[in-house]
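In case you want the letters, here they are:
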Amino acid sequence: MTWRRAVASLCCAVVASLAACGDADQGADVNLDAEVTDTPSDVDPPDFVGHTVAGFASPSDFHAFAGPPAAGPAQAKFVFTGFGEPTGELHFLDPAFYALHDEWYFFRLLSGVAIAGWDEAPLDLGADSIAHLYDVVRALGAPPLDLRWHESRLYSPDFYASVLGGRQVQTAPGQWKWQAEPRFFGAGSLLYFAPAPERPRPEALWAFEIEYPDTATEAELLVYDERVQAGLPPELRDQLHWLARSSPYQRGLAAKLRAGDGPLKDRVLLPEDLVIPGEVIIYNEGITAGFVKLREVLETGGSSFGPSDIAVLGGVPDYLPPVAGIVTSTQQTPLAHLNLLAKSRGTPNAYIGGSAYDPRLKDWSLNGKPVVLALRDAAARWKELTSDQYKTWLAKRGQGALTIAPVDPATAPSLVDLTEGSLAESRGLIPLIGGKCAGMMAFQDVPALELPRAPLCLTIRPYAEHLEPVRATIVELLAHPEFSRKDDEGRRVRFVTLEGGETFREQHAGSPADLKWLDETFPKQFPASTWIGYLGRQGGLKGLIERQAIDPVFEAALREALLARYGDFQPEQGIRFRSSSTAEDVEGFNGAGLYDSNTGYLFPEQLASAKLRERSVAWAVKRTWASYWTFEAFEERRLAGIDHLSGHMAVLVHPTYTDLHEQANGVITFSVAQPLVGAPVREMVVNAQHGALSVTNPPPGVDALPEVSRVTPAGIDRLQSASPDPAEVASDAELAFLFQHIGALADLWLAEANAALPKAQRASSLVLDLEWKRMAGAWPMTSPAQTGPDRLVLKQVRVLDRAPPALTAAEREMVDTAAIPKDVFAATSLIQRRWCATNAGPQVTVEVQQVLTDRAAAPLVPWSTIPFPSRVRVTFGSPVPGLDVLLGPGPALYHSLLLDLDPAVDPDGAWSLRFRLPPPIAKQLRWSTLELDASGAWKVGDGQGAFEGAGLSCQTQDVYLGPSAYLEALLDGP
C-alpha cells in the first residue's frame with residue numbers, strides 16, 4: 001500500500017463525520033505498476049484524463065487494476081452518478097491516483113469538467129494531480145466550491161451528504177436533526193476475497209461495501225447492486241454480495257435481509273463470515289494490561305474508549321482514542337488507519353479471528369477483570385490479573401506521577417526575544433516559555449544555523465491572565481463528579497464540556513449510542529443553566545477561551561513588538577503562532593501533536609479572502625491558547641497525572657513558511673553516543689521532501705515517500721529517493737553542513753544536560769529531533785520585495801528522551817539509583833543484584849548492581865543482553881596469598897570510578913567482568929585489578945603481583961522489574 005493511502009487513512013480520524021475515510025483501508029496493497037486505461041465520460045473534453053475505468057472485462061483486469069489480495073481483500077473504489085436514475089456513470093477510481101472518493105469529485109470539477117446532472121459549476125485550476133491540486137488550493141487562501149480544510153485534509157461536505165442521502169442540520173444551540181436529501185452519488189468499494197478453506201465462507205467471494213454510516217434502505221442497496229454489477233464481467237454478476245459494515249444499522253439491515261425473501265437474501269455477508277476463528281495476525285507486537293472492553297457492533301468515537309481499555313472489536317473502525325491494546329475480530333489491512341495509529345502510539349495491536357465472540361473475553365468485559373495481553377511470535381496470550389497486580393503495573397509505568405514545577409506567571413515578562421540567550425539560559429526558562437521557545441533560544445549557541453526571522457516568544461503570563469476570568473470555573477469543572485468520572489459517561493461529559501456538542505457530534509458520527517446520549521441524555525442531565533450544559537451548547541471551554549476578549553494592554557504591546565519585527569511584511573505574509581506548552585517536551589511526556597498552531601495576519605483587513613480577513617493576530621493567539629483544552633490533550637495529561645492548571649501555554653512566533661517560497665522541508669534525527677560497550681554512535685538521519693509537500697503530514701492523494709539520507713563521519717548514504725519526484729532534495733553540501741553544525745549543537749546539549757548531574761548519573765547518549773525548511777530568498781514577503789540566496793532555516797528542536805522508571809518504596813530501598821546513568825535508567829527493563837562468592841581458598845564476595853535495558857534503546861543504550869554493572873562492592877573476608885589486600889567490606893564502587901570496565905556475556909549466556917581501580921583508590925584498598933569469569937575462575941592483582949583463584953559461584957536477584965518485564969513475569973508465573 002502506498003504512503004499516499006496511509007496518509008489518507010490517517011486523515012480519516014479527524015474527519016470522522018465524513019465516514020468515507022475508513023473504506024480507504026479495507027483493501028489489500030495495490031499494484032501501482034499496473035497500467036490503468038482511462039475511460040472518459042461521454043461529456044468529458046477530449047484532453048481530460050479522469051483516472052477511472054467504467055468496468056472490468058475479466059477478473060484479471062480487476063486484479064491488474066486493484067492488485068492481488070495480500071493480508072486482506074483486493075479492493076477498487078467506485079463512484080457512480082445519477083443515483084436511482086436510468087442514466088448515470090460508473091467510475092472505478094485508479095488507486096495510484098485517488099485515495100478518497102471525494103478526490104474524484106473535486107479533481108474533476110476543479111479541472112474544469114462538469115459532472116452531468118450535478119448542479120455545480122466547474123472551475124479549471126490547471127492541476128494535473130491531487131498533490132498539485134492541493135498546492136493550488138492552498139495558494140488561493142479560501143477553498144473553492146464547497147470544499148473545506150480539516151487540518152491537512154481537503155474534503156467536500158456536499159459530496160458526502162449526497163452519498164449518505166442527507167445531512168445534520170442545527171435547529172438550535174446544541175440541537176440537531178437529520179435532514180433527508182435526495183442521493184445523487186453512490187460511493188463504495190468492490191472487494192475480492194481469495195478462497196480460504198478455514199473460513200466460514202471458504203469460497204472465493206466478490207462483494208461491495210458502502211460507507212460506514214450509510215443507512216441505505218433495501219431498495220437503495222439494490223441500486224448499488226445493479227450499478228456495480230454493470231461494471232463486472234457477465235460471469236461474475238450473479239456472484240456479487242453485499243458486505244455489511246460493523247455499524248449497528250448495517251448489521252441490523254443484514255439480519256433483516258437474510259431473514260426475508262428479497263433478491264439479496266442469499267447475497268449478504270457479515271464480517272464474521274470472512275474470518276478464520278482463532279487466526280492471529282499481529283500488526284504491532286507488545287505486552288500490555290488493562291480492562292477488556294468488547295464491542296461486537298462498532299460504536300466508536302473520541303470518548304468511546306479510555307486509556308485503560310483493551311479494545312476487542314467486531315470490526316475495524318476508522319479511529320480509536322488512545323487505548324491500552326487493540327484486538328479486532330476481522331482482519332485489518334497492513335496500513336489501515338487503525339494500524340497506523342497503533343504503531344505511532346506504540347499500542348499492541350492484532351487481529352484474532354472471532355475474538356469479539358470469545359466467551360472468556362466476554363466474561364472479562366462484563367465483570368471488569370484486569371488482564372494482561374501479550375502479542376509476539378505470531379501468538380496472542382491472555383491472563384487474568386489481580387487488582388493489586390494491575391495497580392503495581394500502573395505504578396511501574398509512572399502513570400499518574402508526572403508533575404510540572406509550579407511557577408508564578410506574575411513574575412514573568414509577557415514577551416521574550418528569542419534572538420538572544422543561549423542553551424544554558426533556555427533550560428532554566430522552560431517553565432516560563434515552553435519547549436519550542438526554549439529550543440529556538442538554544443540555537444543561539446550555534447550561529448551558523450539560521451532561524452526564521454526575529455523569533456519571539458509569548459510567555460505563559462498572558463495566557464495565565466487570559467485564563468484568570470474562567471479559572472474558578474475550571475477548578476469547579478475539575479472537581480465535578482460527572483466531569484471526573486473514569487468511565488464512558490465521564491469521557492463523554494469531558495469531551496462535550498471541553499470542545500462542545502458540535503465537535504462531539506462530528507467525531508462520534510459513527511456511534512448512534514453517543515449521538516443519542518448527546519441529543520437526549522445530555523440536555524436533560526445538564527441544562528443550559530449549568531456550566532457543563534452551557535459550555536456543551538456554546539463550543540466548549542475552548543470556544544469560551546476563543547471568544548473572550550484579549551487584554552488590550554497586552555495586545556497593544558504584542559502588536560508593537562510584531563510591527564518592530566515584521567512591519568515591512570506584505571499583507572499576505574502570515575505570522576505563525578505555535579504552541580509551546582509547558583505540558584509538552586517535559587521529561588517523560590512528549591505531548592507532540594496535542595496542541596494547535598495558527599496563522600494570523602498583521603493587516604488582515606487588506607486581504608481579499610473574507611475568511612482570512614477574520615484571522616487577526618488576536619484570533620491566532622487565542623486559538624493557540626485554547627488548544628490546551630482539547631479533549632485529547634486533556635486525556636493525555638490526565639493519564640500522565642499532570643495537574644492541568646500547573647501547565648500553561650506559551651507561544652512561539654515567527655513568519656509563516658509560505659508554500660510559494662518553500663523549496664524543501666525535512667525532519668532530522670541526530671544521535672550521539674559513546675557507550676561503554678559497542679561502537680560509538682554519531683549519526684544523522686534526514687527525511688526530506690520537495691517544496692511544501694510535508695514530510696511529517698503529507699496530504700491525502702499524494703503518493704509521497706520522503707528522500708531518506710543517513711550521514712555519519714564515514715560519509716553520506718542515500719537510502720531512498722523521494723516520490724513522486726525522485727530528484728535529489730537535500731544536496732551533499734547541505735547534508736554535510738547540517739551534520740557539522742547540528743552535531744555541534746548535540747555535543748553542547750549533552751554537555752549542558754550532564755553538567756548538573758553527578759558523574760555516575762551522566763548520560764553517554766542523546767537524540768535530537770529537528771525540523772528544517774529550505775526557503776527562497778524572497779521569503780518572508782516584504783514590501784519592497786527582498787531578494788537573496790536560498791537558505792536552510794531551522795524550525796524547531798527537541799530532545800527525544802524517555803521517562804525514568806517509577807520505583808516503589810520497596811524498590812527504592814533495594815536500588816541505588818545514584819549509580820545509574822540517566823539514559824540507562826530511563827531505558828531500564830530489569831535491575832538485578834548479582835552475588836559472587838568463593839567456596840574454597842580465600843574468602844571473596846563480589847556484589848554487583850546490574851541493569852538490563854529495553855532492546856528498542858539500542859545501539860545508543862546497548863545493555864539489553866549484556867548487563868550494565870552500575871555499582872560493584874568487593875569484600876575480602878580472609879588474606880589473599882601474595883597480596884596485602886584490605887580486609888572487610890569494601891566501599892561501593894560506582895561505574896564512573898572503574899577503569900577499563902569490561903562486562904561481557906558469551907554466546908552461551910555466561911557472564912564475566914573485569915575492571916581496574918584508579919591509583920588513589922587502589923592505594924587505599926591495596927589491590928588494583930579484578931577479573932571474574934563464568935567458569936568460576938577469578939583473579940585479583942595489585943600491579944606488582946596477582947592471585948588466581950577458582951570456585952567462584954554467582955546467583956542473581958531481581959530487585960526491579962520494568963513494566964513489560966513485570967507483566968512477562970506474571971504471564972509466565974502460576
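Structure first, text after, so check above.
These numbers were taken from a predicted model, which means no experiment stands behind them.

### Description of the packing of aromatic side chains
1) Next: Counting across every chain of the model gives 48 aromatic pairs.
2) Next: Arranged with centres 5.0 Å apart and planes meeting at 45°, the rings of Phe-159 and Phe-185 form a pair that is tilted. Remark: Phe-185 occurs in the loop between β7 (175-180) and β8 (186-193) and Phe-159 occurs in helix α5 (residues 157-164); sequence separation between them is 26 residues.
3) Next: Residue Phe-185 is classed as buried on the basis of its relative accessible area, which comes to 0%.
4) Next: Relative to Trp-779, the ring of Tyr-657 has its centre 5.1 Å away and its plane inclined at 15°; by these criteria the two rings are stacked. A residue pair is termed long-range when its members are at least 10 positions apart, and Tyr-657 in the loop between β23 (649-655) and β24 (662-673) and Trp-779 in the loop between β28 (765-775) and β29 (791-799) qualify at 122 residues.

### Examining the nonpolar core
Burial of nonpolar side chains together is a common tendency in soluble globular proteins.
1) Next: Grouped together as the largest cluster of nonpolar side chains are 63 residues, with contacts concentrated most on Phe-62, Phe-92, Phe-185, Leu-190, Phe-208, Leu-221 and Trp-242.
2) Next: One finds Val-470, Leu-518, Val-621 and Tyr-628 within the second-largest nonpolar core, a separate group that totals 54 residues.

### Considering the pairing of strand β35 (residues 899-905)
1) Next: Summarising the sheet, β35 and strand β36 (residues 911-916) pair through 5 bridges and their orientation is antiparallel. Looking at β36, one finds that Leu-899 is bridged to Arg-916.
2) Next: Here β35 folds back onto β36, and the loop between the two strands holds 5 residues, one of which, Gly-909, carries a positive phi near 90°.

### Focus: helix α13 (residues 488-499)
1) Next: An ideal rise of 1.5 Å per residue puts 16 Å on 12 residues; α13 measures up with 16 Å between its terminal C-alpha atoms.
2) Next: Taking burial as the measure, the 12 residues of α13 include 11 buried ones, the bulk of the element.
3) Next: Positive phi shows up at Gly-500, right after α13, with a value of about 95°.

### Comments concerning the state of the cysteines
1) Next: Counted under the stated rule, the structure contains 2 disulfides.
2) Next: The disulfide partner of Cys-437 is Cys-457, and the S-S distance across this bridge is 2.4 Å. What sets the handedness of the Cys-437 and Cys-457 disulfide is the S-S torsion sign, and at about 90° it is right-handed. Of this pair, Cys-437 sits in helix α11 (residues 423-442) while Cys-457 sits in strand β20 (residues 456-458); the two residues are 20 residues apart in sequence, bridging distant segments of the chain. The two residues Cys-437 and Cys-457 agree in class, both being buried.
3) Next: Sequence-ordered numbering of the bonded cysteines in the chain gives a disulfide pattern of 1-2, 3-4.

### A closer look at the packing of α13 against helix α21 (residues 631-640)
1) Next: Two elements in contact, α13 and α21, have axes whose closest approach is 9 Å; the angle formed by their N-to-C orientations is 130°. In terms of orientation, α13 lies oblique with respect to α21. Facing α13, whose interface residues are Arg-491, Arg-494, Phe-495, Leu-498 and Glu-499, α21 presents Phe-631, Glu-632, Phe-634, Glu-635 and Arg-638.

### Regarding the side chain of Gln-229
1) Next: Here Gln-229 is to be found in helix α6 (residues 218-229).
2) Next: Apart from residues no more than four positions distant in its own chain, Gln-229 is found in contact with Arg-237, Leu-240 and Arg-267.

### Looking at unusual backbone geometry
Outside of glycine, negative phi angles account for most residues, and trans bonds account for most peptide bonds.
1) Next: Going from Trp-779 to Pro-780, the amide bond is cis rather than trans, its omega being -5°.
2) Next: Here Pro-780 lies in the loop between β28 and β29.
3) Next: A cis amide bond links Ala-858 with the next residue in sequence, Pro-859, at an omega value of 0°.
4) Next: Its place among the elements puts Pro-859 in the loop between β31 (844-853) and β32 (868-876).
5) Next: Phi at Leu-145 takes a positive value of approximately 55°, unusual for a residue other than glycine.

### Quick word on the environment of Ser-511
1) Next: Structurally, Ser-511 can be placed in the loop between α14 (501-507) and α15 (512-525).
2) Next: Given a relative accessible area of 1%, Ser-511 falls into the buried group.
3) Next: Taking C-alpha positions, Ser-511 is 8.0 Å from Ser-247, a pair spaced 264 residues apart along the chain.

### Considering the pairing of strand β21 (residues 575-581)
1) Next: Buried residues dominate β21, accounting for 6 of its 7 residues.
2) Next: Both β21 and strand β22 (residues 598-600) contribute to a ladder of 3 bridges, which runs antiparallel. The residue of β22 that forms the bridge with Arg-576 is Thr-599.
3) Next: The sheet contact formed by β21 and β23 spans 7 bridges and is antiparallel. Paired with Ser-581 across the bridge in β23 is Met-649.

So, how was this worked out
Once a new chain begins, its residue numbering starts again from 1 and follows that chain's sequence as written. Confidence filtering applies because this is a predicted model: local features only for residues at pLDDT of at least 70, side-chain atom pairs given and counted only at 80 or more, and all residues used for totals across whole chains, interfaces and linings. Calculated side-chain values reflect all of the structure's heavy atoms, with hydrogen atoms and water omitted. In this analysis, rings of Phe, Tyr and Trp, with Trp reduced to its six-membered ring, are considered paired at centre separations within 6.5 Å, and the interplanar angle assigns stacked below 30 degrees, edge-to-face beyond 60, and tilted for intermediate values. Segments assigned H or I by DSSP are reported as helices when at least four residues long, segments assigned E as strands when at least two residues long, and all are numbered from the N terminus. Think of it in three bands: residues with accessible area under 20% of the maximum for their type are buried, residues over 50% are exposed, and the middle band is partly exposed, with areas taken using a 1.4 Å probe on protein chains only. Working definition of a nonpolar core: buried Ala, Val, Leu, Ile, Met, Phe, Trp, Tyr and Cys residues. They are joined through side-chain atoms within 4.5 Å. Whether two strands pair depends on DSSP finding at least two bridges between them. An expected span of 1.5 Å times one less than the residue number is assigned to each helix. Working definition: a disulfide is two cysteine sulfur atoms within 2.5 Å of each other. Only the stretch in contact is used when a helix axis is fitted, and all axes are lines through C-alpha atoms; the angle between N-to-C directions ranges over 0 to 180 degrees. By the definition adopted for this analysis, an angle is roughly parallel if under 35 degrees, roughly antiparallel if over 145, roughly perpendicular if from 65 to 115, and oblique otherwise. The contact rule is simple, with two residues in contact once any of their heavy atoms fall within 4.5 Å.

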